[in-house]
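What follows is each chain in one-letter form.
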Amino acid sequence: MKKLVLSAIAFWTIYTVKGQTDSSISLNQLQVPSTPAFTILGVSPNDIERPKNPTDFAVSLSNASQNFTVIPKSYAAEVAPFWILGGKSARYKDFEEDKPGKNILQTAVFSIGTTTSHSEVDSSEFYQIGMALKFSIFRGSLTDEFKHWNDSLHQYLGAYAMTTNRLYDYLISNDKAYNALRDSINVLGDLIRANPNNSALNSQLASLTNRMTDRSAALYQQANDPGTKDSTINQIKADAKTSLDILTHLVAQTDFKRIGWKWDFALGMVLDYPDQTFENAYLSKLAAWTTFGYESEKGWSVLGLVRGTGDFFHQKLNDNNVLVNDINIGEIDYGLRIYDDVTPKLTLSVEAIWRKPIYSKSKLSDNNISAPQATNRYVFTASYKVGKNQNLAFTYGKNFDNSFIKKSPGDMIAALSLIMGFGSTRPFGGSSN
Amino acid sequence: MANKVTNVTIITSNTNDPITLSVDILYGHAATTTFLLNHIALPPKQDSFSDMLLGTNNGLRHNTLIVTTAVAKKAPTTNCEVDYTIDGALAQSVTQSILPFNGTDTVNTHTIIYSFI
């Protein structure tokens, strides 16, 4: 069953990436993903994620420590339903604006991930699947750098479009066949104006118009033949190439930041598969969290987190090492993360989260389980982009002291994580270190 | 870089009512639209726009307007459609120009050649 699940995930991953990924455009906008599914599974180096814009589809894998000698055990895929369904209603200005309704629609991302964990009962390894829905309510505004770039982009799009206009104008003005068709429809125009409902005349007009389309398309194709000797055509083509070269350069420089106030919201759940079978899966965690803060143009940012989590233990060892069933413990987390983009590739951050447990005293005492204590987590992370879609993150700090995992208090965590993303391009302003 | 051309015939009325052009760029891509009306360039327009005044019915008759929209792929989809709408003539004219981005294309052009008759 384990092999079946892994094979299914691997096949689905490869199939969907092959089928839907659009990696042909050289836009360096696919940032390393901080998939919400990884966050709820505890795979992400940081609990407080930087807001980002979605891709239509992305796959992530994470390999923590072990010198990267093992096959990664954590995978996640995320889809943005709006873009997967086509995104037809999106308009370019939507990316520039920061309106909650459109933000929610365009940034909603559903992610699903898997990782492995160990049973506290017998230490056996089992799989967990996390699912999360995340969206941005506010995602900040684009910078002046973007506005300058945007002006240049539209200027050269206009220059390029005008060369196409000039080419068609030259081609159809100097083509006898096209002008003969044009003269014919002028005559038809007078007749149709007098008899607007005459279907035969309208049908004839449609036919002539289609022939004009075919003729103009053929002329354009001929003009683009490299062997064309016409000096006017060659001059227009040279002008078009100049504009296109600049456009290609501009399109490649689009890794723009969003600055200002940001507010994300996410919901997630984790299913445990204790004996690697779907039949015995159970819900082990539910969580809702919101991230909010300010991202400056200079690179530093402050983000706050409020998170409510419910942990549902199907079976649990009590203080006497006796298995007890159905223990629920909740947690309220509130935290802060400060980070600084020291260079375009290197991001340093510190994160502190305080946790307050919520539980039924009588339920725990009846089952001989010690009450969980308020705790905290603080980590330092250095995240470096080692490749276009790859982040190497070094994390050092103190994790939550969770007595149910039986880790010693003050357990220090130090891990290297490689998180890689595969997917298509995204609109402006993604950040996810 | 691909181009799609469509010829559209617009039947004018015997009036001096204005004729306008609206262009809608779908799927969130960036675009600039340029115009040549009887070989003369009109000011370009960025992205989607509505009700650009072209002239009157009587004034535009027997004229040719070439409209080209250059679209840059800026949204996470290869789908691309530009809708052109002419209002004010004998009948409304709506033309959908669909040209997906493929291969290494970063910019495509959509051309409509309007013949006013």
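Residue positions are counted from 1 within each chain, in the order its sequence is given. Chains and ligands are labelled sequentially in the order written, the chains with letters from A and the ligands with numbers from 1. The predicted nature of this model means local features are confined to residues of pLDDT at least 70 and side-chain atom pairs, given and counted, to a pLDDT of 80 or more, with totals for whole chains, interfaces and linings taken over all residues.

### Concerning the overall build of chain B
Part 1: The helix count covers DSSP runs of H or I at least four residues long, the strand count covers runs of E at least two residues long, and both are numbered beginning at the N terminus. Assigned secondary structure in chain B consists of one helix and nine strands.
Part 2: Secondary structure of chain B in N-to-C order comes out as β-β-β-β-β-α-β-β-β-β.
Part 3: For 117 residues, the compact-globule estimate of 2.2 N^0.38 gives 13 Å, and chain B sits close to it at 14 Å.
Part 4: Taking the principal axes of its C-alpha atoms as reference, chain B extends roughly 45 × 20 × 20 Å.
Part 5: Residues with at least 20 other C-beta atoms within 10 Å of their own are called buried, those with 12 or fewer are called exposed, and the rest are partly exposed. The C-beta atoms themselves are positioned from the backbone. Among the 117 residues that make up chain B, the fraction classed as buried is 51%.
Part 6: Long-range contacts, defined as pairs at least 24 residues apart, comprise 77% of the intrachain contacts of chain B with a sequence gap of at least 6. Computation of the radius of gyration draws on C-alpha atoms, with the globule rule given as 2.2 Å multiplied by the number of residues to the power 0.38. Our contact criterion uses C-beta atoms placed from the backbone: two residues qualify when those atoms are within 7 Å.

### Quick look at the overall build of chain A
Part 1: Of regular secondary structure, chain A possesses ten helices and twelve strands.
Part 2: The buried share among the 433 residues of chain A stands at 37%.
Part 3: When contacts within chain A are restricted to residue pairs at least 6 apart in sequence, those whose partners lie at least 24 apart make up 70%.

### Some points on the interface of chain A and chain B
Part 1: Between chain A and chain B, the residue contacts involve 50 residues of the former and 49 residues of the latter.
Part 2: Taken together, the elements giving at least two residues each to the side of chain A that touches chain B come down to helix H4 (92-96), helix H6 (144-173), helix H7 (176-194), helix H8 (199-223) and helix H9 (231-251) of chain A.
Part 3: With twelve residues, the top contributor of residues to the side of chain A that touches chain B is H6(A).
Part 4: For this scheme, ten residues count as nonpolar: Ala, Val, Leu, Ile, Met, Phe, Trp, Tyr, Cys and Pro. Four count as charged, namely Asp, Glu, Lys and Arg, and the remainder, Gly too, count as polar. Considered class by class, the residues forming the side of chain A that touches chain B number 24 nonpolar, 16 polar and ten charged.

### A word on the sheet that holds strand S7 (residues 81-87) of chain B
Residues and elements named next belong to chain B.
Part 1: Only strands joined by at least two bridges in the DSSP assignment are considered to pair. Spatially, the four strands line up as an open sheet ordered S5-S2-S7-S8, and their pairing is antiparallel. Two strands bound the open sheet, and with one partner strand each, they are strand S5 (49-56) and strand S8 (93-98). Adjacent strand axes in the sheet meet at a mean angle of 20°, parallel and antiparallel pairs treated alike.
Part 2: Here six bridges tie strand S2 (residues 18-25) to S7, and the two strands are oriented antiparallel to one another. By the bridge assignment for S7, Asp24 is matched with Asp83. The angle between two axes is taken between their N-to-C directions and runs from 0 to 180 degrees, where each axis is a line fitted to C-alpha atoms and a helix contributes only its stretch in contact.

### A short note on the environment of A:Leu305
Residues and elements named next belong to chain A.
Part 1: Mapped onto the elements of the fold, Leu305 is located in strand S7 (residues 300-317).
Part 2: By the C-beta count within 10 Å, which is 22 here, Leu305 ends up buried.
Part 3: When the C-alpha atoms of Leu305 and Tyr334 are compared, they prove to be 5.3 Å apart, with 29 residues separating the residues in sequence.

### With respect to the confidence of the model for chain B
Note: predicted coordinates in regions of low pLDDT should not be interpreted at a detailed level.
Part 1: Summing up the model confidence of chain B, the mean pLDDT is 94 and the portion of residues at 70 or higher is 100%.
Part 2: The complex model carries a pTM of 0.73, and its ipTM stands at 0.97. In predicted models, pLDDT denotes the confidence assigned by the predictor to each residue on a 0 to 100 scale.

### Focus: the sheet that holds strand S6 (residues 64-72) of chain B
Residue and element names in this part refer to chain B.
Part 1: Ordered in space as S1-S9-S6-S3-S4, the five strands form an open sheet in which the pairing is mixed. Strand pairing shows two members of the sheet lacking a second neighbour, strand S1 (3-10) and strand S4 (40-46), which therefore form its edges. Direction aside, the axes of adjacent strands within the sheet are offset by 15° on average.
Part 2: Relative to S6, strand S3 (residues 30-37) runs antiparallel, the two sharing eight bridges. Across the sheet, residue Leu36 finds its bridge partner in S6, namely Ile66.

### Some remarks on the confidence of the model for chain A
Residue and element names in this part refer to chain A.
Part 1: Scored by pLDDT, chain A comes out at a mean of 77, with 74% of its residues at no less than 70.
Part 2: Taken element by element, chain A is modelled with least confidence in helix H1 (residues 2-20), mean pLDDT 38, and with most confidence in H8, mean pLDDT 95.
Part 3: Between residues 1-33, whose pLDDT stays under 50, and residues either more than four places distant or in other chains, the model counts 60 contacts.

### Brief notes about the pairing of S3(B)
Part 1: With seven of eight residues buried, S3(B) is to be regarded as a mostly interior element.
Part 2: Taking the residues between adjacent antiparallel strands as the criterion, S3(B) and S4(B) are bridged by two residues, where B:Asn38 takes a positive phi near 50°.

### Comments concerning H8(A)
Part 1: In this model H8(A) runs 36 Å from its N-terminal to its C-terminal C-alpha over 25 residues, within 8% of the 36 Å that 1.5 Å per residue would give.
Part 2: Those residues of H8(A) not exposed but buried are A:Leu205, A:Thr209, A:Met212, A:Arg215, A:Ser216 and A:Leu219.
Part 3: Where H8(A) is buried, its residues meet H6 and H7 of chain A together with S1 and strand S9 (107-116) of chain B. The span expected for a helix works out to 1.5 Å for each residue beyond the first.

### A few points about unusual backbone geometry
Part 1: The phi angle at A:Asn321 is positive, at roughly 60°, despite the residue not being glycine.
Part 2: Inspection of the secondary structure puts A:Asn321 in the loop between S7 and strand S8 (323-341).
Part 3: When the 8 C-beta atoms within 10 Å are taken as the criterion, A:Asn321 is described as exposed.
Part 4: Backbone geometry at B:Asp47 places phi at a positive 55°, although glycine is not the residue there.
Part 5: In this fold, B:Asp47 is placed in the loop between S4 and S5.

### A word on helix H5 (residues 100-107) of chain A
Residue and element names in this part refer to chain A.
Part 1: The set of residues buried in H5 consists of Asn103, Gln106 and Thr107. The buried residues of H5 all sit within an arc of 85° when viewed along its axis, so they share a single face.
Part 2: Its buried side turned inward, H5 meets helix H3 (81-84), H4, strand S3 (109-118) and strand S4 (125-142). Here the arc refers to the directions that run from the helix axis out to each C-beta atom.

### Structural notes on the environment of B:Ser48
Part 1: Within the secondary structure, B:Ser48 sits in the loop between S4 and S5.
Part 2: Sequence separation of B:Ser48 and B:Ser22 is 26 residues, and the distance between their C-alpha atoms is 7.7 Å.
Part 3: Leave out the neighbours within four places in its chain, and B:Ser48 touches A:Arg91, B:Val23, B:Asp24 and B:Ile25.

### What about the packing of H6(A) against H8(A)?
Residues and elements named next belong to chain A.
Part 1: Put simply, H6 and H8 touch, their axes get as near as 10 Å, and they point 110° apart. Relative to H8, H6 is oriented roughly perpendicular. Seen along the crossing, H6 lies across H8 with a hand that is right-handed. Contacts from Leu167, Tyr168, Leu171 and Ile172 of H6 reach H8 at Ser216, Leu219, Tyr220 and Ala223.
Part 2: Among the residues making up the contact of H6 with H8, the classes are represented as seven nonpolar, one polar and no charged. By definition in this entry, angles of less than 35 degrees are roughly parallel, angles greater than 145 are roughly antiparallel, angles of 65 to 115 are roughly perpendicular, and the rest are oblique. Take the far helix as the reference: if the near one is turned anticlockwise from it by less than a right angle, the crossing is left-handed, and if turned clockwise, right-handed.

### Some thoughts on the packing of H7(A) against H8(A)
Residues and elements named next belong to chain A.
Part 1: H8 packs onto H7 with a crossing angle of 160° between their chain directions and a minimal axis gap of 10 Å. With respect to H8, the element H7 is oriented roughly antiparallel. For the pair H7 and H8, the sense of crossing is left-handed. Residue-level contacts link Ala177, Tyr178, Leu181, Ser184, Ile185, Leu188, Leu191 and Ile192 of H7 to Leu201, Asn202, Gln204, Leu205, Leu208, Thr209, Arg211, Met212, Arg215 and Ser216 of H8.
Part 2: Looking at the contact of H7 with H8 residue by residue, the classes come out as eleven nonpolar, five polar and two charged.

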